[in-house]
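# Commentary on secondary and tertiary structure
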Amino acid sequence: MSAPHSEFRRPWPPPPLPRPSESPFLLLSFSSSDCTDSYFIRRVHFVSGELHLALSEFRQLMHAETIYIYMLILLHKFSPSLPCLLRIEAPKNPIITRRNFPAQITHSLPPHKVELFKSLESWAEDNVLPHLKPVEKCWQPQDFLPDPSSEGFYEQVRELRARSKELPDDYLVCLVGDMITEEALPTYQSVFNTFDGVRDETGATATSWARWSRAWTAEEKRHGDLLNKYLYLTGRVDMKQIEKTIQYLIGSGMDAQTENNPYLGFIYTSFQERATFISHGNTARLAKQHGDLKLAQICGIIASDEKRHEKAYTKVMEKIFEIDPNGALLAFADLMKKKITMPAHFMFDGRDERIFQHYSALAQRLGVYTANDYADILEFLVARWKIGDLTGLSGEGNKAQDFVCSLGPKVRRIEERARARAKEGSTMSFCWIFDRKVQR
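Note that the structure is a prediction, hence the values are computed from the model and not measured.

### Examining the overall build of the protein chain
Assigned secondary structure in the protein chain consists of 15 helices and eight strands. Counting across all 440 residues of the protein chain, residues that qualify as buried make up 50%. In the protein chain, the share of contacts with a sequence separation of at least 24, taken over all contacts with a separation of at least 6, comes to 79%. Accessible area of the protein chain: about 21800 Å², with a carbon and sulfur share of 54%.

### Overview of the packing of helix 10 (residues 262-289) against helix 14 (residues 371-384)
Relative to each other, helix 10 and helix 14 sit at 135°, their axes nearing to 10 Å. The angle between the axes of helix 10 and helix 14 places the two elements in the oblique class. Like other packed secondary-structure pairs, helix 10 and helix 14 cross with a definite hand, here right-handed. Contacts between helix 10 and helix 14 pair Ser 270, Phe 271, Arg 274, Ala 275, Ile 278 and Asn 282 from the former with Asp 373, Tyr 374, Ile 377, Leu 378, Phe 380 and Leu 381 from the latter. Of the residues contributing to the contact of helix 10 with helix 14, the split by class is eight nonpolar, two polar and two charged.

### A look at the pairing of strand 8 (residues 436-439)
The sheet contact formed by strand 7 (residues 427-430) and strand 8 spans four bridges and is antiparallel. Note that in strand 8 the partner of Thr 427 across the bridge is Gln 439. Counted along the chain from strand 7 to the antiparallel partner strand 8, the turn is five residues long, and its residue Phe 434 has a positive phi close to 60°.

### Re the side chain of Thr 234
Locating Thr 234 in the fold gives a position in helix 8 (residues 208-234). A distance of 3.2 Å separates the side chain of Thr 234 from the backbone nitrogen of Arg 236, its partner in a polar contact. In this structure, Thr 234 is in contact with Leu 160, Arg 161 and Ser 164, ignoring residues within four places of it in sequence.

### Thoughts on the packing of aromatic side chains
Tallying each qualifying case throughout the model produces 19 aromatic pairs. Relative to Tyr 313, the ring of Trp 212 has its centre 5.5 Å away and its plane inclined at 90°; by these criteria the two rings are edge-to-face. Of the two residues, Trp 212 sits in helix 8 while Tyr 313 sits in helix 11 (residues 293-323), which places them 101 residues apart along the sequence. For Trp 212, a relative accessible area of 1% corresponds to the buried category. Clustering of aromatic rings is evident, with ring pairs tying together Phe 117, Phe 192, Phe 195, Trp 209, Trp 212, Trp 216, Tyr 263, Phe 266 and Tyr 313. Across the ring face of Trp 139, the terminal group of Arg 222 is positioned such that the distance to the ring centre comes to 4.2 Å. The cationic tip of Lys 337 hangs over the ring face of Phe 403; the distance from NZ or CZ to the ring centre is 5.4 Å.

### A few points about the pattern of salt bridges
Scanning the entire structure with this criterion turns up 24 salt bridges. A salt bridge links Glu 379 to Arg 412; the nearest nitrogen and oxygen atoms lie 2.9 Å apart. You can see Glu 379 sitting in helix 14 and its partner Arg 412 sitting in helix 15 (residues 395-421), a full 33 residues away along the chain. In this structure Arg 412 comes out as partly exposed when scored by relative accessible area, which is 21%. Through salt bridges with shared partners, a single ionic network connects Glu 219, Arg 222, Asp 305 and Arg 308.

### A word on the packing of helix 10 against helix 11
In a packed pair of helices, the relevant descriptors are the angle between the two axes and the axis-to-axis distance. At their nearest, the axes of helix 10 and helix 11 sit 7 Å apart, and the two run at 160° to each other. Classed by the angle they form, the pair helix 10 and helix 11 counts as roughly antiparallel. When you trace helix 10 past helix 11, the crossing you get is left-handed. When the residues that make up the contact of helix 10 with helix 11 are grouped by side-chain class, the tally is 16 nonpolar, nine polar and six charged.

### As for the nonpolar core
In this structure, Trp 209, Phe 332, Phe 430 and Trp 432 are the most contacted members of the largest nonpolar core, which totals 109 residues. Each residue touching Phe 430, except ones within four places of it in the same chain, is listed here: Val 173, Ile 355, His 358, Tyr 359, Leu 362, Asp 435, Arg 436 and Val 438.

### Concerning the confidence of the model for the protein chain
In this model, the protein chain carries a mean pLDDT of 83, and residues with pLDDT of at least 70 account for 76%. Below pLDDT 50 for its whole length, residues 1-77 participates in 164 contacts with residues either more than four positions away or in separate chains. Scored below 50 in pLDDT, residues 79-93 shows 55 contacts in the model against residues more than four places distant or in partner chains.

### Notes on helix 14
Residues spaced three or four apart along an α-helix face the same direction, because each turn holds 3.6 residues. In this model helix 14 runs 20 Å from its N-terminal to its C-terminal C-alpha over 14 residues, within 8% of the 20 Å that 1.5 Å per residue would give. Buried residues of helix 14: Asp 373, Tyr 374, Ala 375, Ile 377, Leu 378, Leu 381 and Val 382, and no others. The N-cap residue of helix 14 is Thr 370: its side-chain oxygen and the backbone nitrogen of Asn 372 are 3.3 Å apart. Backbone geometry just downstream of helix 14 places Lys 386 in the positive-phi region, at approximately 55°.

### A closer look at unusual backbone geometry
Even without a glycine there, the phi angle at Phe 434 is positive, about 60°. Note on placement: Phe 434 falls in the loop between strand 7 and strand 8. Judged by relative accessible area, Phe 434 falls into the partly exposed class, the value being 44%. Unusually for a residue other than glycine, Asp 435 sits at a positive phi of about 65°. Counting through the fold element by element, Asp 435 comes out in the loop between strand 7 and strand 8.

Conventions used here
- Residues numbered from 1 in each chain as written.
- Predicted model: local features only at pLDDT ≥ 70, side-chain atom pairs only at ≥ 80, totals over all residues.
- Heavy atoms only, no water.
- Helix = DSSP H or I, 4+ residues; strand = E, 2+ residues; numbered from the N terminus.
- Buried < 20%, exposed > 50% of the residue type's maximum accessible area, 1.4 Å probe, protein only.
- Contact = heavy atoms within 4.5 Å.
- Areas by Shrake-Rupley, 256 points an atom, 1.4 Å probe, with all protein chains shown as cover.
- Axes fitted to C-alpha atoms, helices over the stretch in contact; angles between N-to-C directions.
- Parallel < 35°, antiparallel > 145°, perpendicular 65-115°, else oblique.
- Left-handed = near helix turned anticlockwise from the far one by under 90°.
- Nonpolar A, V, L, I, M, F, W, Y, C, P; charged D, E, K, R; others polar.
- Pairing = 2+ DSSP bridges.
- Polar contact = N/O pair within 3.5 Å; in protein donor to acceptor, adjacent residues only side chain to side chain.
- Phe/Tyr/Trp six-rings, centres within 6.5 Å; stacked < 30°, edge-to-face > 60°.
- Lys NZ or Arg CZ within 6 Å of the ring centre and 35° of its normal.
- Salt bridge = Lys/Arg side-chain N within 4 Å of Asp/Glu carboxyl O.
- Core = buried A, V, L, I, M, F, W, Y, C linked by side-chain atoms within 4.5 Å.
- pLDDT = per-residue confidence, 0-100.
- Expected span 1.5 Å × (residues − 1).

What follows is the structure in structure tokens.
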């Protein structure tokens with residue numbers, strides 16, 4: 001439906017209809033030229049003599065041609081003398097209502113610590129901005145793609161397609177998932193600009209932090225652009241389904257649980273940049289194994305960018321640990337207790353609510369990004385910031401130190417138990433590869 005309220009009149013009482021036995025809910029479908037949106041009723045009430053039905057989105061049925069109303073309990077519960085006007089209250093935004101957001105904490109950093117970041121403006125100029133590259137020295141996506149202005153363009157595309165035929169479907173799913181994650185870049189810049197003390201207040205603020213935010217975003221944008229165009233040229237993936245997934249993901253946003261707090265924010269970005277460095281590095285390794293050396297080069301150069309960005313973010317937190325070790329350590333422990341959520345954890349393709357979990361399981365099986373990688377990153381950051389050597393901590397700080405330093409082995413033990421319980425041989429289809437099935 002195009003509006004949250006829709007009215008239609010039907011004969012009352014309606015004719016007898018099939019009665020599914022498995023659910024005491026009313027299922028309602030609205031038909032349009034190309035699809036039908038289906039909803040489950042979650043509330044029924046009367047307002048001014050009208051029957052109101054509050055709906056929760058259930059799923060989308062393609063190519064439906066009629067409107068069905070299954071009046072399960074309602075047919076027997078209400079009198080035939082009821083008015084014939086039904087008012088339908090559908091979700092106003094199916095992207096947002098699909099998610100159950102936890103209670104969100106905002107602006108958790110005290111004002112005097114926000115001022116700490118503002119006082120580091122000149123330090124960031126000298127120590128963070130140098131990790132950016134001048135635009136004229138940066139690679140661009142076109143450096144790795146067939147040249148459309150060249151007479152040999154079509155031959156270059158044929159060569160690319162020939163190489164990509166050797167890429168297994170499960171690898172393609174992981175590569176698409178990585179690309180979709182990169183393409184949700186607008187969300188990541190938006191999240192960065194929620195951090196108190198470092199946000200870009202105007203969109204063109206001249207502070208070091210704001211300039212970093214914009215230039216980092218500009219460098220990152222090349223990653224999704226390059227992978228998107230490469231996958232498009234292979235002809236092996238369903239670009240429309242991928243594009244829908246990207247739009248859903250950007251519209252859904254992300255919840256990194258960083259609370260507008262730059263302590264949490266820079267810990268999160270330190271972790272994530274290393275995670276993407278590892279993921280793209282592994283897709284490069286696998287592309288080489290499958291014989292696509294150009295794709296291996298692409299994934300490798302993206303990984304090198306992520307490594308450079310990781311160095312900038314970890315350097316920021318290294319400085320914060322130097323100035324406020326207790327506060328930084330408490331933030332680190334807090335974020336690890338909540339667990340690092342992946343940037344694309346709200347991924348949705350229009351059909352599969354758990355597509356991110358399915359893609360992640362595939363990445364785990366192929367070794368693109370695993371629970372062991374998560375533990376490796378945690379232990380890398382503990383060593384990088386010399387967490388075990390911190391002294392003069394508060395009682396809470398000492399507990400946080402013990403927790404963080406002992407967490408890596410615990411994550412590995414949990415992963416070993418999960419792997420032992422994992423089912424082997426099960427398959428699932430992904431719309432990104434035209435619903436072909438892959439082993440999970």
